[in-house]
Amino acid sequence: MKFLTTTVLAAGLCFGFMTEANACSRVTYTSDDGSVVTGRTMDWFKPDEVQLVLSPKGVEYSGLGANPFNWTSKYASLSVNSYGFVNSGINEERLAVDVLYLETSDYGDLQPGEKTMTSGVLTRFLLDNFASAQEVADYFKDEKFRVVLDEEKAKLLGAPFNVHYIVTDKTGDNVIIEYIDGKAKIHHQKGRIVFTNDPEYDKMLAIKDYFKEAGIEGGMPGSSLSQARFVYLTGWLEQMVNTPFPEIKEEIPGYTFADQTSAMVFSLMRGVSTPYGLVFDTEHLNNTSTLWRTISDVKNGVFYFDSALLPLTFKVNLNEVDFTKPKVISPYKDHIQQGDITDLFK
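Residues numbered from 1 in each chain as written. Predicted model: local features only at pLDDT ≥ 70, side-chain atom pairs only at ≥ 80, totals over all residues. Heavy atoms only, no water.

1. Brief notes about helix α8 (residues 257–272)
Point 1. Helix length check: α8 (16 residues) gives 23 Å between terminal C-alpha atoms against 22 Å at 1.5 Å per residue, within 8%.
Point 2. When α8 is considered as a whole, its buried residues turn out to be F257, Q260, T261, S262, M264, V265, F266, L268, M269 and V272.
Point 3. Contacts from the buried residues of α8 go to β1 (26–30), β2 (36–43), α6 (226–239), β15 (290–297), β16 (302–307) and β17 (313–317). (Helix = DSSP H or I, 4+ residues; strand = E, 2+ residues; numbered from the N terminus. Expected span 1.5 Å × (residues − 1). Buried < 20%, exposed > 50% of the residue type's maximum accessible area, 1.4 Å probe, protein only. Contact = heavy atoms within 4.5 Å.)

Next up, the structure:
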């Protein structure tokens, strides 16, 4: 009873930070053998015109805004795009990048002469230009441009494009970028990590600590609130094994530890997904259905797209992809059959 009381009190204190943000979630799993697998959910109150996009290197891009910061891509990538912006992806150097909603983002005021990059384009910039989390952390120590609210993407999404970003490299190193009080705030952490929505990451860690002290495995909340998902995922992620299950290997011929780690992250992301079929309510974006999930086996170069609208899961082996050929696939409109679709990107 003492434990339950402590946990409930902690929940009451923690959820005082509650805001109405959409319910995307993201994790990084790492193991002692060097496995690195990321997973995320995409939750929103309407379909997002999802596409799988292969983008070659050497392409010129604009940061948009009043005085665009422009660049030429150094690395090719495979991404999942929503309404044309990069929502989740991995580049040829095995840098995985995701963008999630953060209602409290504050990009500051544009100053005379500053270069601009809209909030919906920055994910593209990260995929195109960096091979490691350390490179990202070093680059964002100085302000090279002003991130500004992406008004065009906001019209498509039906909500302000206030977001934060996470990158994970093949060593299991992670960098989170948030815009707080007009400045880029960097969180740099190696190993297993959980990333959701509001509040900002510092405050989210404090919420996690409340439950940690109370015994997180016994008191994980289960609502669709960002804070609950953060604590829920942290509790399960910390309990995940570092070694193969010999019983499953005996049951499934050819089963590898890479198969197991991807399956474990799949189970995490499916478990935290918000059920499909909820009544869409734009006033309560915490309660929006999961549209799709992605899993990136960063170590082995395998990317999965998992639909929540149809029983479809797609696999792409990046080691066999021809990154010189641009390609856009609409998994629903193009009537793609589930399974390994690597051949579509050769």
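2. Re the sheet that holds strand β19 (residues 339–340)
Point 1. Taken together, the 7 strands give an open sheet; going across it, the order is β14-β1-β2-β15-β16-β17-β19, and neighbouring strands pair in mixed fashion. Looking along the sheet, the strands with just one partner apiece sit at the ends: β14 (193–195) and β19.
Point 2. For β17 and β19, the ladder comprises 2 bridges, and the chain directions are parallel. Within β19, the position partnered with F314 by the bridge is G339.
Point 3. Along the sheet face, α6 touches β1 and β14 and points at about 160° away from the line of β14.
Point 4. Against the sheet, α8 engages β1, β2, β15, β16 and β17, with an angle of about 25° to β2. (Pairing = 2+ DSSP bridges. Axes fitted to C-alpha atoms, helices over the stretch in contact; angles between N-to-C directions.)

3. Description of the sheet that holds strand β11 (residues 163–168)
Point 1. Read from one edge of the open sheet, 8 strands run β13-β12-β11-β8-β7-β6-β3-β18, paired in antiparallel fashion. Unpaired on one side and paired on the other, β13 (183–190) and β18 (327–329) mark the two borders of the sheet. Neighbour-to-neighbour, the strand axes of this sheet turn through a mean angle of 20°, independent of strand direction.
Point 2. Sheet topology places strand β7 (residues 85–91) next to strand β8 (residues 96–101); 3 bridges connect them, and they run antiparallel. Residue pairing in the sheet places S88 in a bridge with D98 of β8.
Point 3. Packed onto the sheet, helix α2 (residues 122–129) meets β3 (51–55), β6 (77–82), β7, β8, β11 and β12 (173–180) and runs at close to 15° relative to β7.

4. Focus on the packing of aromatic side chains
Point 1. Counted by the stated rule, this structure contains 20 aromatic pairs.
Point 2. Where F130 meets F140, the ring centres are 6.5 Å apart and the plane angle is 45°; that geometry is what we call tilted. Placement of the pair is F130 in the loop between α2 and α3 (133–139) and F140 in the loop between α3 and β10 (146–148), with a sequence separation of 10 residues.
Point 3. Taken together, Y61, F69, W71, F125, F130, Y139, F140 and F145 form an aromatic cluster joined through their ring pairs.
Point 4. When the ring centre of Y139 is taken as reference, the NZ or CZ atom of K144 above it lies at 4.2 Å. (Phe/Tyr/Trp six-rings, centres within 6.5 Å; stacked < 30°, edge-to-face > 60°. Lys NZ or Arg CZ within 6 Å of the ring centre and 35° of its normal.)

5. So, the nonpolar core
Point 1. By size, the foremost hydrophobic cluster in this structure holds 89 residues, and its most contacted members are L122, F125, L126, F140, I177, Y179 and F345.
Point 2. At 7 residues, α8 tops the list of elements feeding residues into this core.
Point 3. Those residues within four positions of Y179 in sequence are excluded, and the remaining contacts are T104, S105, D106, Y107, L122, F140, V147, Y165 and A184. (Core = buried A, V, L, I, M, F, W, Y, C linked by side-chain atoms within 4.5 Å.)

6. Thoughts on the packing of α6 against α8
Point 1. Between α6 and α8, whose axes approach to 11 Å, the crossing angle comes to 155°. With respect to α8, the axis of α6 lies roughly antiparallel. With respect to the hand of their crossing, α6 and α8 are arranged in right-handed fashion. Together, R229, Y232, L233, W236 and L237 of α6 and L268, G271 and V272 of α8 make up the contact between the two elements.
Point 2. Looking at side-chain class alone, the contact of α6 with α8 contains 6 nonpolar, 1 polar and 1 charged residues. (Parallel < 35°, antiparallel > 145°, perpendicular 65-115°, else oblique. Left-handed = near helix turned anticlockwise from the far one by under 90°. Nonpolar A, V, L, I, M, F, W, Y, C, P; charged D, E, K, R; others polar.)

7. Section: α2
Point 1. Most of α2 sits inside the fold, with 8 of its 8 residues counted as buried.
Point 2. Of all the residues in α2, the buried ones are L122, T123, R124, F125, L126, L127, D128 and N129.

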